[in-house]
Amino acid sequence: MLFARGLSQISRRSINRYQWLCPQQQQFHHSNHFPSPIDASHKVLGCRVIHSWVSNALSGIGQQIHHQSTAVAEVLLLMATALNAPVLRPQVDVDSLSRDLRTRQQCIAEITEMIHVASLLHDDVLDDADTRRGIGSLNFVMGNKLAVLAGDFLLSRACVALASLKNTEVVSLLATVVEHLVTGETMQMTTSSDERCSMDYYMQKTYYKTASLISNSCKAIALLAGHTAEVSMLAFDYGKNLGLAFQLIDDVLDFTGTSATLGKGSLSDIRHGIVTAPILYAMEEFPQLRTVVDRGFDDPVNVEIALDYLGKSRGIQRTRELARKHANLASAAVDSLPESDDEDVQRSRRALVELTQRVITRTK
């Protein structure tokens, strides 16, 4: 759910150089931006939003939502072009097929945006957040009830658009994303002591909360194009590892960044009692830290003790190394895609690979 917090800025630097690869993508752009999810819900396969109160409620934070959600859509459209290898279908108008495919893949990007923003709205309610990216959160400005209803509305519009694709495998994939978002949040809220201190549990939760959305959406892009199961899994692997790498660096920045750069308070996770990779690695070096973690972090003294152990450990370094490993796996997935001499395809693939490195070198 935090995947696009900084990825929007990272990806846009790469995307802006490759926008021309996607002719139909131009209708998405106004000053190099995609529409807000509310705008997208008006357009998806002719769907029209009739509940104006949702638009009114979100209008005050539209730019904020816009910056956080569009990154995932941009990555998906790059993936669509990167997979633009010919898939043989006899007696089919190739140009017409290409236009229809692009429209359907574009629809997946729009649906993914709506699911992502809905998850952000619900997440802020669960976290009782006052701000998001330095702007008042919807629940803070309009109240929890309206924030929940706005998220529910976006999910309902996403479901309508998804059903209109008439592809049961794609429907199943994106329905699974919603299930994973809920499962990940539940895992975070209901952990036992042993689970809280388990790296395997943490990575599974991170996949559900962050990486499932982009990985399954990338796979859906490939399936719509008629690619093989092998190619579809390569697209999935790219999204999964990119999402995991992003979240691992996000965990590092929670300790090393500042409130100004992060758009939230630094040490936000640990102050909310959330144990992330740097602390888990520090615990491996200093088992006595487990006692502090079990006591919780309501007491600021425990936070300071945990930070002291973290400073003496290689927790930050090892988390960065793990993020680099996943970034390399994402890059390898792109390199393993079927060969293509198409210049547009090659440029999109280079952009996707470049993005994996930008994710792990970002500072906010």
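Residues numbered from 1 in each chain as written. Predicted model: local features only at pLDDT ≥ 70, side-chain atom pairs only at ≥ 80, totals over all residues. Heavy atoms only, no water.

The protein is annotated in an unreviewed UniProt entry as Solanesyl diphosphate synthase 3, chloroplastic/mitochondrial isoform X3 from Nicotiana tabacum. Heading Cofactor (unreviewed entry) of the UniProt record for the protein holds this comment: "Mg(2+)". Of the protein, the UniProt comment under Sequence similarities (unreviewed entry) reads exactly: "Belongs to the FPP/GGPP synthase family." (UniProt positions renumbered as here; feature names shortened; annotations may be inferred.)

S.K.: Would you mind going over the overall build of the protein in detail, with residue names and values included?
M.R.: Helices and strands together make up the secondary structure of the protein, namely 18 helices and two strands. Burial statistics for the protein: of 364 residues in total, 57% are counted as buried. Sequence-distant contacts, at least 24 apart, represent 77% of the contacts inside the protein between residues at least 6 apart. Total accessible area on the protein is roughly 15,600 Å²; 52% of this is exposed by carbon and sulfur atoms. (Helix = DSSP H or I, 4+ residues; strand = E, 2+ residues; numbered from the N terminus. Buried < 20%, exposed > 50% of the residue type's maximum accessible area, 1.4 Å probe, protein only. Contact = heavy atoms within 4.5 Å. Areas by Shrake-Rupley, 256 points an atom, 1.4 Å probe, with all protein chains shown as cover.)

S.K.: Before we move on, can you summarise helix α8 (residues 168-189) with the specific residues and values?
M.R.: Taking 1.5 Å of rise per residue, 22 residues should cover 32 Å, and α8 covers 32 Å from first to last C-alpha, within 8% of that figure. Within α8 the residues assigned to the buried category are Val170, Leu173, Leu174, Val177, His180, Leu181, Gly184, Glu185, Met187 and Gln188. Summarising the axial view, the buried residues of α8 lie within an arc of 160°, below the 170-degree limit, and thus occupy one face. Residues of α8 that are exposed and angled more than 90 degrees away from the buried face: Thr168, Val182 and Met189. Put simply, asparagine 167 is the residue that caps the front of α8, since its side-chain oxygen is 3.1 Å from the backbone nitrogen of glutamate 169. (Expected span 1.5 Å × (residues − 1). Arc of directions from axis to C-beta. Polar contact = N/O pair within 3.5 Å; in protein donor to acceptor, adjacent residues only side chain to side chain.)

S.K.: Tell me about the pattern of salt bridges, and please be specific about residues and values.
M.R.: Scanning all chains against the criterion turns up nine salt bridges. The residue aspartate 194 makes a salt bridge to arginine 290 at a minimum N-O spacing of 2.9 Å. Residue aspartate 194 is located in helix α9 (residues 193-196), and its partner arginine 290 is located in helix α15 (residues 289-295); the two are separated by 96 residues in the primary sequence. We classify aspartate 194 as exposed; its relative accessible area is 56%. The residue aspartate 294 makes a salt bridge to arginine 290 at a minimum N-O spacing of 3.2 Å. You can see aspartate 294 and its partner arginine 290 sitting in helix α15, four residues apart, about one turn around the helix. Look at aspartate 294 and you get partly exposed, because its relative accessible area is 42%. Salt bridges here are not isolated pairs; linked through shared partners, they connect Asp194, Arg290 and Asp294. (Salt bridge = Lys/Arg side-chain N within 4 Å of Asp/Glu carboxyl O.)

S.K.: Tell me about unusual backbone geometry, and name the residues and values.
M.R.: Within the chain, lysine 166 stands out as a residue other than glycine whose phi angle is a positive 55°. Following the sequence through the fold, lysine 166 ends up in the loop between α7 (144-164) and α8.

S.K.: If you had to explain a nonpolar patch on the surface to someone new, which residues and values would you point to?
M.R.: A grouping of Phe140, Val141 and Met142 is seen on the molecular surface, where their side chains present a nonpolar patch of about 310 Å² in accessible area. Relative to the helices and strands, phenylalanine 140 resides in helix α6 (residues 138-142). (Patch = residues over 30% accessible without salt bridge, like charges linked within 9 Å, V, L, I, M, F, W, Y side chains within 5 Å.)

S.K.: Talk me through the nonpolar core; I want residue IDs and the actual numbers.
M.R.: In this structure, Ile108, Ile111, Tyr238, Ile279 and Leu289 are the most contacted members of the largest nonpolar core, which totals 98 residues. Among the elements that take part in this core, helix α10 (residues 199-224) stands out by supplying 15 residues, more than any other. Look past the residues within four positions of isoleucine 279 in its chain and what remains in contact with it is Phe255, Ile270, Leu289, Val293, Ala306 and Leu310. (Core = buried A, V, L, I, M, F, W, Y, C linked by side-chain atoms within 4.5 Å.)

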